[in-house]
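# Results of the structural survey
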Amino acid sequence: VRPAVFLPPRLRHRLPTPAGTYLSMSGLMRGLNTMQEYSLLIGGKAGEGINTAGLSIAGLFSRLGYRVYMYFDYPSLIRGGHNFAIIRAADRPIGAHRTRVDVLLALDRKTIETHKERIDGKTTVIYDSSQVREETGYGLPLDDIIAEEKAPPITRNSAMLGALARVAGIDREMLEDVLRAAVPEKHLDSNLRVAARGYSAVESVFSVKPLDAPALPVLTGNEAAGLGLVYGGLDTYVAYPMTPSSGVLHFLAGRAEDLGIRVIHPENEISVILMALGLAYAGKRAAVGTSGGGFCLMTEGLSFAGMSEMPVTIVLSQRPGPSTGVPTYTAQSDLHFALNAGQGEFPRLVVAPGDPHEACAWSAAALMLSWRYQVPAIILMDKTLAEGACSFDLDASTPPRDHEPLLEDGEGEYRRYRRTEDGVSPLAFPGMEGVTVKANSYAHDERGFTTEKAEEIRALQEKLLRKAGSLKAELGGYQTVKTYGAPDAEKTIICWGSQKWVCIEAAAGVDARVVQPVVLAPFPVEAWSKAMAGAGEVVCVENNATGQAARLLREHGFDPGRSILKYDGRPFAVDELTARLEEVFV
């Protein structure tokens, strides 16, 4: 297993596993209402570096020992429009945003107009007085500062970062350390000068006290998934850029040499899936990334993988549809597409991580299990998880078992599709001495030759079913369903994927517990039954319009209770969901 060599040495070789425990959820929920926290928003036009500025703010609070979460909102525009990032910092792990903010940093008038509902009497507003005329808050003449310092216009957000640091009582030295870590050397000097001007232009309003906790790296879900794939033995990542999965491609491409992997960008999504299958045929562990529209083009290749029993792992990041939909926003609307894509009946693994820790762990497990059982694996994410960022703690834990059923000497004539008790055939690859390796999308016999005989077709399908059963049995040793909160709570919130953290926090406000399925296919029926024992009043929270997880639960004979749905392309805020839960729970 190749280490994530670009991480600090103390974090190398220490990636979490699907069965790992990252923190005490009962302790977290008891303390949610008393936590020390700050919420900030920075907004401006596309092209002004809002995402980078938001990550720098997150890094600033992380250096002080806080756990951070960042939500980034942007339209499908290269320049113009309105971009904003909400950064929340707290003394405990968090993974969702709130509506109200303590500090609003406005690079233009639209930021203040758009976010009036987030401002109250305790909010500090810092704005570009070159663009905004305000009577309250701190105005920075950014046009004048940029001209006087002979700095590029993009450094305007560094002035805002400097002003924020002074308002929050953060030392200038800490601010400069963060900028040195975030800004390329050739642009560092101008950014430091502009940040210093912002710092000196305002006064301290409150004081962010450093915490006695280590500074943690801040990773997006895409970055964590990329790390997990590498940990699972990735050889080659193949993708065509498609929001919101593109971050995996960019992250791995930028570090391919350090990680000892290859990253390939073919001409379209059909080429992506077929190239990955070709790599698998040659014995190379490959993964691909896409969103709904690209996955549509991959479905024939997915069926090919199912029939030919070639492993492939797909990072499928959801966004609203149908068709192009709203490409830079979020949804959980492709669940049943992932569960049923491709013609015919064949086993697959579908996992839905709820945060970057789970994205890392389950990406590794998905790639390993895909090769162990020679099935397609789908890592189902969405924009909220893929592009959201949070503090990432690589707690030590034992990695999942990883082995391939390779051909061994003395087995006689090689049969690529040999019918075994567990449905898994021994693997061999082209170039191995004395074997002929066939891959066939047509119905085939044990050696891989095309057949239309009834008994052969039946035996082939039964082999696939045995393999599905073996995969399900092994998953019994994983934590496929997670619960948070008091076991004896009389209210239960069901959620999946990126709804995890907002539900955990909102549950504390209504005295409920949370149950989260992480594996969605093969569905963990026994684990779900145990987790839902004594559930009481139940609601199911989802970011889609039809309650897709609720439908899946009904298909397996479970009652998902009432649905709370949001389908406007935006994730729930903690206070927003709490209010919805209070309406439903009586």
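Note that this is a predicted model, so its numbers are computed, not measured.

Definitions and cut-offs
Residues numbered from 1 in each chain as written. Predicted model: local features only at pLDDT ≥ 70, side-chain atom pairs only at ≥ 80, totals over all residues. Heavy atoms only, no water. Helix = DSSP H or I, 4+ residues; strand = E, 2+ residues; numbered from the N terminus. Polar contact = N/O pair within 3.5 Å; in protein donor to acceptor, adjacent residues only side chain to side chain. Axes fitted to C-alpha atoms, helices over the stretch in contact; angles between N-to-C directions. Parallel < 35°, antiparallel > 145°, perpendicular 65-115°, else oblique. Left-handed = near helix turned anticlockwise from the far one by under 90°. Contact = heavy atoms within 4.5 Å. Nonpolar A, V, L, I, M, F, W, Y, C, P; charged D, E, K, R; others polar. Pairing = 2+ DSSP bridges. Phe/Tyr/Trp six-rings, centres within 6.5 Å; stacked < 30°, edge-to-face > 60°. Buried < 20%, exposed > 50% of the residue type's maximum accessible area, 1.4 Å probe, protein only. Lys NZ or Arg CZ within 6 Å of the ring centre and 35° of its normal. pLDDT = per-residue confidence, 0-100. Salt bridge = Lys/Arg side-chain N within 4 Å of Asp/Glu carboxyl O. Expected span 1.5 Å × (residues − 1).

### Topic: the side chain of Ser246
Here Ser246 lies in helix α9 (residues 246-254). From its side chain, Ser246 meets the backbone nitrogen of Met242 in a polar contact 2.8 Å long.

### As for the packing of helix α6 (residues 172-182) against helix α7 (residues 185-200)
One way to put it is that α6 packs onto α7 with a least axis distance of 10 Å and a crossing angle of 150°. What the angle tells us is that α6 and α7 run roughly antiparallel. For the element pair α6 and α7, the recorded crossing hand is right-handed. Residue-level contacts link Arg172, Leu175, Glu176, Leu179 and Arg180 of α6 to Leu188, Asn191, Leu192, Ala195, Ala196 and Tyr199 of α7. Looking at the contact of α6 with α7 residue by residue, the classes come out as 7 nonpolar, 1 polar and 3 charged.

### Some remarks on the sheet that holds strand β7 (residues 218-220)
Reading across the sheet, the 8 strands line up as β6-β5-β4-β1-β3-β2-β14-β7 and stay open at both edges, with mixed pairing between neighbours. What marks the edges here is a single partner per strand, and that holds for β6 (138-140) and β7. Strand-to-strand, the axes of this sheet are offset by a mean angle of 15°, without reference to chain direction. Of the pairings in the sheet, the one linking β7 to strand β14 (residues 389-391) comprises 3 bridges and is antiparallel in character. Looking at β14, one finds that Leu219 is bridged to Cys390.

### Digging into the packing of aromatic side chains
One pass over the full model with this rule turns up 11 aromatic pairs. Note on Phe72 and Tyr74: the rings are 4.9 Å apart at their centroids and 25° apart in plane angle, and the pair reads as stacked. Tyr74 sits in the buried class, given a relative accessible area of 14%. A ring pair is formed by Phe295 and Phe337, whose centres lie 4.9 Å apart and whose planes are at 65°; its orientation type is edge-to-face. Remark: Phe337 occurs in helix α13 (residues 335-340) and Phe295 occurs in helix α12 (residues 292-308); sequence separation between them is 42 residues. Taken together, the ring pairs connect Tyr38, Phe61, Tyr66 and Phe206 into an aromatic cluster. Stacked on the ring of Phe572, the Lys or Arg Lys566 has its end atom at 5.8 Å from the ring centre.

### Quick look at the sheet that holds strand β9 (residues 262-264)
Across the sheet, which stays open at both edges, the 7 strands sit in the order β9-β8-β10-β11-β13-β12-β18 with mixed pairing between neighbours. Since the sheet does not close on itself, it has two edges, and those belong to β9 and β18 (519-521), each with one partner. Averaged over all pairs of adjacent strands, the angle between strand axes in this sheet comes to 20°, irrespective of strand direction. Bridge count for strand β12 (residues 349-351) against strand β13 (residues 376-382) is 3 bridges, and the pairing is parallel. Pairing of Val351 across the sheet is with Ile379, part of β13.

### Overview of the confidence of the model for the protein chain
Scored by pLDDT, the protein chain has a mean of 92; 92% of the residues are at 70 or more. When the criterion is pLDDT under 50, residues 20-33 qualifies, and its contacts beyond four places in sequence or with other chains add up to 33 contacts.

### A word on the pattern of salt bridges
Using the criterion set out here, one finds 32 salt bridges in the structure. In this structure, Lys467 and Glu309 form a salt bridge, with 2.7 Å as the shortest nitrogen-oxygen distance. In this pair, Lys467 is assigned in helix α16 (residues 454-475) and Glu309 in the loop between α12 and β11 (312-318), connecting sequence segments 158 residues apart. Its salt-bridge partner being Glu358, residue Lys482 comes within 2.9 Å of it at the nearest N-O pair. Of this pair, Lys482 sits in strand β15 (residues 481-484) while Glu358 sits in helix α14 (residues 356-373); the two residues are 124 residues apart in sequence, bridging distant segments of the chain. For Lys482, a relative accessible area of 4% puts it in the buried group.

### Focus: α14
A rise of 1.5 Å per residue sets the reference length of α14, with its 18 residues, at 26 Å; its end C-alpha atoms lie 25 Å apart and thus fit the reference within 8%. Within α14, 18 of the 18 residues are buried, which leaves the element mostly enclosed by the surrounding structure. Where α14 starts, the residue carrying a side-chain oxygen 3.2 Å from the main-chain nitrogen of His357 turns out to be Asp355. Following α14 by one or two positions, Gln374 has its phi on the positive side, about 55°.

### Notes on the packing of helix α11 (residues 269-281) against α12
Packing of α11 against α12 leaves a shortest axis separation of 8 Å and a crossing angle of 25°. Taken as axis vectors, α11 and α12 run roughly parallel relative to one another. As α11 runs across α12, the sense of the crossing is right-handed. Across the interface between the two elements, Glu269, Ile270, Val272, Ile273, Leu274 and Leu277 from α11 touch Gly294, Leu297, Met298, Gly301, Leu302, Phe304 and Ala305 from α12. For the contact of α11 with α12, a count of residues per class yields 10 nonpolar, 2 polar and 1 charged.

### Let's talk about the environment of Ile78
Relative to the helices and strands, Ile78 resides in the loop between β2 (67-73) and β3 (80-90). The spatial distance from the C-alpha of Ile78 to the C-alpha of Gly47 is 6.6 Å, given a sequence separation of 31 residues.

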